[in-house]
Amino acid sequence: MAPLVPGTLSPNRSVPSDIARPEYVGKPRPKPYHGSDVQSAETIEKMRIAGRIAAQALAEVGRAAKPGVTTDELDRIGHEFLCDHGAYPSTLGYKGYPKSLCTSINEVICHGIPDSTVLNDGDIVNVDITAFINGVHGDTNATFEVGEVSEEAHLLVERTREALDRAIKAVRPGRQINVIGRVIESYAKRFGYGVVRVFTGHGIATSFHSGLIIPHYDDARATRLLEPGMTFTIEPMLTLGTIEHRMWDDNWTAVTADGKLTAQFEHTMVVTDQGAELLTVA
C-alpha cells in the first residue's frame, strides 16, 4: 500500500446564516474555557441532541465510504447532513481547520483533511465529526473498512472498537481518570498494538475542548476522580507499529512515523451514578 500524499482542497463549504456558529469561528483560536467539567441536566440534555445528530451524520458518511469516493465527497455528505439538521460542523473554522469533518486514511492517526484523495479497495478510513447546536458540541468518530480489507486491518479496526467499549465500561464515579487508559492499554498490549499518547480524549460541552484530558494509556498523573455529570470523549488510537508520529505541512494531518496502519473510535459521554451514558448514539 503506497504512502498517502495530500490531495487538492476544494473551497470551504458555506453554512446557512440562520445556524448559530461557535464563538471561535473566524478567530485564530477559541476562548479559554473556565467553566466546570460537571454539567447541568439542561446542558446534558442539549448534548444528547447534538450527539444524536453527530451520530446520525457519522452513519450517513460511513455508508458512503466506498472505493472510488473522494474524502471531499464524504465531507460534503457530513456537512449537508449537519446543516440540514440545524447543526454547525464544529471543525469548520476551528483554529483555521478548513473542512466540516476529518478523514484519516490508513497511516493517518487523526485530523486528516478531506480533499481530492480517492478511497481505494482495502483502505481503512476514520471519520471524525462533531455537531454544534443549542450552544453545545457532540463529538464522535469511527473507522470504516473500504471494500475488502486485509485480515490485519480488519482485526485492528475491530479491536480498537473493543478497546473503546471496554474503556466505557470502566467509567464509574469515584474512580480515577487513569482507569480509562489502563483498560485500553492493557487490552491493546495483548495484540502488540501501540497506543498513541500525544492525542487524547477531552472534556466537551459548551466548549469543543474544555481542557480536561482523558489519556488512553495508563498515565500516573491522571488521578482526578470521575464525577457524575462530567462530560468528555474517549477516543483511543491504536497502531500496528510505533506510536510516534510526524506532521504534514498542513499542521493538522498526523501520520504514524513508520507508515503502519492506525485506527480510532470515539464517543462523547456523561458520567452517571451507574457508569457512563453515551451521548453520541443515533
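Below or above, wherever it landed, is the structure these notes cover. The residue numbers shown here count from 1 along each chain, following its written sequence. In keeping with the model being predicted, local features are shown solely for residues with a pLDDT of at least 70 and side-chain atom pairs are shown and tallied solely at 80 or more, while totals for entire chains, interfaces and linings include all residues. Processing note: side-chain calculations cover all non-hydrogen atoms of the structure and skip hydrogens and water entirely.

Here, any two strands with at least 2 DSSP bridges between them count as paired. Helix and strand definitions follow DSSP, with helices as H or I runs of at least four residues and strands as E runs of at least two, each counted in order from the N terminus. Spatially, β6-β10-β13 is the arrangement adopted by the 3 strands of the open sheet, whose pairing is antiparallel. The sheet is open, and its two borders are formed by β6 (194-195) and β13 (262-264), each paired with just one other strand.

Ordered in space as β9-β14-β15, the 3 strands form an open sheet in which the pairing is antiparallel. Whereas interior strands pair on both sides, the edge strands pair on one side only; in this sheet they are β9 (231-234) and β15 (276-278). If you compare each strand with its neighbour and ignore which way they point, the axes differ by 40° on average. For β9 and strand β14 (residues 267-271), the ladder comprises 4 bridges, and the chain directions are antiparallel. Note that in β14 the partner of I234 across the bridge is H267. For helices, the fitted line uses only the C-alpha atoms of the stretch in contact; every axis is such a line through C-alpha atoms, and the angle between N-to-C directions lies from 0 to 180 degrees.

As a packed pair, helix α1 (residues 41-63) and helix α2 (residues 71-84) sit with axes 9 Å apart at the nearest point and diverge in direction by 150°. What the angle tells us is that α1 and α2 run roughly antiparallel. When the axes of α1 and α2 are compared, the crossing they make is right-handed. Between α1 and α2, the contacting residues are I53, Q56, A57, E60 and V61 on the first element and L74, I77, G78, F81 and L82 on the second. Across the contact of α1 with α2, the residue classes break down as 7 nonpolar, 2 polar and 1 charged. Relative orientations are named as follows: roughly parallel for angles under 35 degrees, roughly antiparallel for angles over 145 degrees, roughly perpendicular for angles from 65 to 115 degrees, and oblique for any other angle. If you view the pair so one helix is near and one far, a crossing is left-handed when the near helix is turned anticlockwise from the far one by less than a right angle, and right-handed when it is turned clockwise. Only heavy atoms enter the contact rule, under which two residues are in contact if any of them lie within 4.5 Å. Just so you know the grouping, Ala, Val, Leu, Ile, Met, Phe, Trp, Tyr, Cys and Pro go in nonpolar, Asp, Glu, Lys and Arg go in charged, and all remaining residues, Gly too, go in polar.

Before going further, it helps to spend a moment on unusual backbone geometry. Its identity as a non-glycine residue notwithstanding, K95 has a phi of 50°, on the positive side. Mapping K95 onto the fold places it in the loop between β1 (88-89) and β2 (102-105). The buried label applies to any residue whose accessible area, calculated with a 1.4 Å probe on protein chains only, is under 20% of its type's maximum; exposed applies above 50%, and partly exposed to all values in between. With a relative accessible area of 45%, K95 lands in the partly exposed category. A positive phi angle, close to 65°, is found at H111, a residue other than glycine. Mapped onto the secondary structure, H111 falls in the loop between β3 (108-110) and β4 (124-133).

Bringing the side chain of T253 into the picture now. Its location among the elements puts T253 in the loop between β11 (245-247) and β12 (254-256). Polar contacts involving the side chain of T253 include one to the side chain of D250, which spans 2.7 Å. Filtering out sequence-adjacent residues up to four positions away, T253 remains in contact with V108, C110, H111, G112, I113, R246, M247 and W248. In protein, a polar contact requires one atom able to donate a hydrogen and another able to accept it; more generally it is a pair of N or O atoms within 3.5 Å, and residues adjacent in sequence count only if both atoms are side-chain atoms.

Using a grid of 1 Å spacing that covers the protein atoms alone, one calls a set of points a cavity when a 1.4 Å probe fits there but cannot get out, and a pocket when the set is open and has protein on both sides within 12 Å along at least five of seven lines; lining residues are those with an atom within 4 Å of a point. Grid points are joined across faces, edges and corners, and a volume is the space filled by probe spheres set on the points. The tally for this structure, following the rule as stated, stands at 1 cavity of 30 Å³ or more. Size it by volume and the largest cavity reaches roughly 40 Å³. Taken together, Y33, D37, Q39, G203, I204, A205, T206, S207, S210 and T231 make up the lining of the largest cavity.

Turning to the nonpolar core, a few remarks are in order. Judged by nonpolar contacts, the single largest core of 72 residues is most densely connected at L156, I180, I184, F232, I234 and L238. Setting aside chain neighbours within four positions, we find I234 in contact with L164, A167, I168, V171, I180, I184, I214, H216, F265, E266, H267 and M269. Joining through side-chain atoms within 4.5 Å is the link that ties buried Ala, Val, Leu, Ile, Met, Phe, Trp, Tyr and Cys residues into a set, and such a set is a nonpolar core.

It is worth spelling out the environment of E60 at this point. Counting through the fold element by element, E60 comes out in helix α1. Filtering out sequence-adjacent residues up to four positions away, E60 remains in contact with I77 and F81. At 2.7 Å, the side chain of E60 forms a polar contact with the side chain of R63.

Our focus in this paragraph is α1. Helix span is expected to be 1.5 Å times the residue number reduced by one. Helix length check: α1, at 23 residues, gives a terminal C-alpha distance of 33 Å against a target of 33 Å (1.5 Å per residue), a fit within 8%. Those residues of α1 not exposed but buried are T43, I44, M47, A50, G51, I53, A54, A55, A57, L58, V61 and G62. Elements that come into contact with the buried residues of α1 comprise α2, β4, β5 (136-145), β9 and β14.

Okay, the packing of aromatic side chains next. Aromatic pairing here means that ring centres of Phe, Tyr or Trp (its six-membered ring) are within 6.5 Å. Orientation follows from the plane angle: under 30 degrees is stacked, over 60 is edge-to-face, and everything else is tilted. Tallying each qualifying case throughout the model produces 5 aromatic pairs. Relative to F191, the ring of Y187 lies with its centre 5.1 Å away and its plane at 75°, an arrangement referred to as edge-to-face. Through pairs of rings, three or more aromatic residues link up here, namely Y24, Y94 and F208.

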